[in-house]
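Structural characterization, general
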Amino acid sequence: RIFVINADQDISIKFGMAGTLTAATAASYRIPANQQVTLDTGPALDSFYVFNLNGTTAANVYIQLLSVV
């Protein structure tokens, strides 16, 4: 699956398989605020967690699916 993700706060993202994926942390892959990023989960991964790096302000996260494999 290819998708685009954007957020109004700094976030981090972590990929894995449903049921075995652990939560994203501050050490996961960082996506800066207001940056649109295109990602591909590939055939081996089916899930992801998003972590808000700002501890005081809620993050609005926007995800648009571009393709389904």
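Scroll up to find the structure this text is about.
Report on the accompanying structure. Predicted model, so just to flag it, every value in this text is computed and none were measured.

**Brief notes about the nonpolar core**
One finds Phe-3, Ile-5, Ala-7, Ile-11, Ile-13, Ile-31, Val-37 and Leu-39 forming the largest nonpolar core, which totals 8 residues. Among the elements of the structure, strand E1 (2-7), strand E2 (11-16) and strand E4 (37-40) are those that each provide at least two residues to this core. At 3 residues, E1 tops the list of elements feeding residues into this core. Every residue in contact with Phe-3, bar those within four places of it in the chain, is listed here: Ile-13, Phe-15, Val-37, Thr-38, Leu-39, Thr-41, Phe-48, Ile-63, Gln-64, Leu-65 and Leu-66.

**Side note on the sheet that holds E2**
A sheet is described by the order of its strands in space; here 3 strands give the open sequence E3-E2-E5, paired in antiparallel fashion. Each end of this open sheet is capped by a strand with a single partner; those strands are strand E3 (29-31) and strand E5 (47-52). With strand direction ignored, the average angle separating the axes of adjacent strands in the sheet is 30°.

**Points about unusual backbone geometry**
The backbone phi angle of Asn-34 is positive, close to 65°, even though this residue is not glycine. Residue Asn-34 is classed as exposed on the basis of its relative accessible area of 54%.

**Here's the deal with the pattern of salt bridges**
For the structure on display, the rule yields 1 salt bridge. Asp-10 is the salt-bridge partner of Arg-30, the closest N and O atoms lying 2.8 Å from each other. Linking Arg-30 in strand E3 with Asp-10 in the loop between E1 and E2, this pair joins segments that are 20 residues apart in sequence.

**A short note on the sheet that holds E1**
A sheet is described by the order of its strands in space; here 3 strands give the open sequence E4-E1-E6, paired in antiparallel fashion. One side of each edge strand has no neighbouring strand; the edge strands of this open sheet are E4 and strand E6 (61-67). The mean inter-strand angle of the sheet, taken between neighbouring strand axes irrespective of direction, is 25°. Pairing of E1 with E6 involves 6 bridges; the strand directions are antiparallel. Its bridge partner lying in E6, Val-4 is registered against Gln-64.

Rules used in this analysis
- Residues numbered from 1 in each chain as written.
- Predicted model: local features only at pLDDT ≥ 70, side-chain atom pairs only at ≥ 80, totals over all residues.
- Heavy atoms only, no water.
- Core = buried A, V, L, I, M, F, W, Y, C linked by side-chain atoms within 4.5 Å.
- Buried < 20%, exposed > 50% of the residue type's maximum accessible area, 1.4 Å probe, protein only.
- Helix = DSSP H or I, 4+ residues; strand = E, 2+ residues; numbered from the N terminus.
- Contact = heavy atoms within 4.5 Å.
- Pairing = 2+ DSSP bridges.
- Axes fitted to C-alpha atoms, helices over the stretch in contact; angles between N-to-C directions.
- Salt bridge = Lys/Arg side-chain N within 4 Å of Asp/Glu carboxyl O.

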